[in-house]
Amino acid sequence: MKKIIDEKIGISKAIELIKAGELVAFQTETVYGLGADFSNVGAVEKIFKAKGRPQDNPLIVHIAKPEDVQNIAKEIPNCFYKLAEKFMPGPLTVVLKRNEKVPNIITANGDTVAVRVPLNPVVREIIEKSSPLAAPSANKSKHISPTSAKHVEEDLGEDVALILDGGDCKVGIESTVLDLTTETPTILRPGAVTMEMLSEIFDDVKETKNAKIKVAKSPGMKYTHYAPKCETFMATSLENAKYGYDNAILSGKNPVYICLEINKKSFENRNTIVVGKNAEDYAKKLYGVLRFAEKKYDFIILQDLGDEGISGSVMNRARKSAGHKFL
Ligand code: TXA
Ligand code: MG
């Protein structure tokens, strides 16, 4: 059976499958999600099984509109609604105190729940007509997150009932996760809604730096992530990239440099993949390019853009892909 179907054609089938406790993958502006009825424990168990995901890593609940948060969370602070006005629907996930309706499997037995309103109107319609959806990224655990329907099929084609094709994801990296249960709002995972943007709403916002999270507050952050199936390194300068590349050649490897358009020319006749002109383009292309590169090459070098604004969020993922190894 063909699993991928245009999302507009597949709406009613998807609603039926979600109600029957099956898994449906769908497009969001960030990455594709693997969705199940959040209230159906058996269905949610299928998500963990399909991904090979550790049980101590909680799931995000996707709702159709900010007001629906009341069915999922309690003691909702006013700032939630301020954030909602500005960023929802959009690439922002907020951690709140959970209410009793949320099954333990979703929160990994914790007392908080992560909530997000995705931008895709087709997905919000499905949620309205079925149920809020528990959904992680639709990839095998530890592999690269999917930004097209095809990527989902590669990783989970066997395990999912339906893949709704909504085209390529516009942002390309996962949502910002912001914890509102701490005294000062805390970014647990950086994303397209940046520290600078959040600082317009809050007097103070903290960021959990990866190095510090030994016992991770956002449990997913402690696992290896986004790992291509071949050696991968970061390069902070063109010289380092060239040096690493030429050494890789000497040891019989087939390397590639993933970089912005402006750097391609100075890399002369070596292999490159251009991810576009700026950090937004890099975010959008990163995961697809990594999936392509791991098939065609056996040594990947990623251009490091530094930590300013959205670059920092993209580099958070790129550096994880490289296992924090630098040339
Ligand atoms: O953009 C996204 O957020 C995508 C799309 C599909 O919505 N979803 C996604 O889900 O990236 P996932 O499961 O791959 O990542 C969710 C992250 C994990 O790092 C998890 O540990 C964290 O959110 N998380 C979930 N619930 C949490 C909670 N109650 N407290 C703290 N962190 C939480
Ligand atoms: Mg994920």
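Note that the structure is a prediction, hence the values are computed from the model and not measured. (Residues numbered from 1 in each chain as written. Chains lettered and ligands numbered in written order. Predicted model: local features only at pLDDT ≥ 70, side-chain atom pairs only at ≥ 80, totals over all residues. Heavy atoms only, no water.)

## So, the nonpolar core
Put simply, the test is: Grouping buried Ala, Val, Leu, Ile, Met, Phe, Trp, Tyr and Cys residues that are joined through side-chain atoms within 4.5 Å yields what is termed a nonpolar core. Using a 1.4 Å probe on the protein chains alone, a residue whose accessible area is under 20% of its type maximum counts as buried, one over 50% counts as exposed, and one in between counts as partly exposed. Secondary structure elements are defined from DSSP: runs of H or I of at least 4 residues count as helices, runs of E of at least 2 residues count as strands, and each element is numbered from the N terminus. We call two residues in contact when some of their heavy atoms are within 4.5 Å.
In this structure, Leu83, Ile106, Leu178 and Leu198 are the most contacted members of the largest nonpolar core, which totals 48 residues. Counting residues per element, the ones that place at least two in this core are strand 3 (33-37), helix 2 (41-51), helix 3 (78-87), strand 6 (92-98), helix 4 (104-107), strand 7 (112-116) and helix 6 (149-156). If one sorts the elements of this core by residue count, helix 2 sits on top with five residues. Sequence-distant contacts of Leu178, that is, excluding residues within four places in its chain, are made with Leu83, Leu92, Thr93, Val94, Val95, Pro185, Thr186, Ile187, Leu198, Phe202 and Val205. By size, the runner-up hydrophobic cluster in this structure holds 29 residues, among which are Val275, Ala293, Ile300 and Met315.

## What about the pattern of salt bridges?
To keep it simple, the criterion reads: A side-chain nitrogen of Lys or Arg and a carboxyl oxygen of Asp or Glu constitute a salt bridge if their distance falls within 4 Å.
Taken as a whole and judged by the stated rule, the model has 21 salt bridges. Between Glu16 and Lys13 there is a salt bridge; the shortest N-O distance is 3.6 Å. Of the two residues, Glu16 and Lys13 both sit in helix 1 (residues 7-19), three residues apart, roughly one turn of that helix. The class for Glu16 is partly exposed, based on a relative accessible area of 49%. As a salt-bridge pair, Lys253 and Glu231 come within 3.1 Å of each other at their nearest N and O atoms. With Lys253 in the loop between helix 8 (238-250) and strand 14 (255-259) and Glu231 in strand 13 (residues 231-235), this pair connects stretches of sequence that are 22 residues apart. Accessibility expressed as a relative area gives 31% for Lys253, which makes it partly exposed. Residues joined by salt bridges that share partners form a network here, namely Glu154, Asp155, Arg291 and Lys295.

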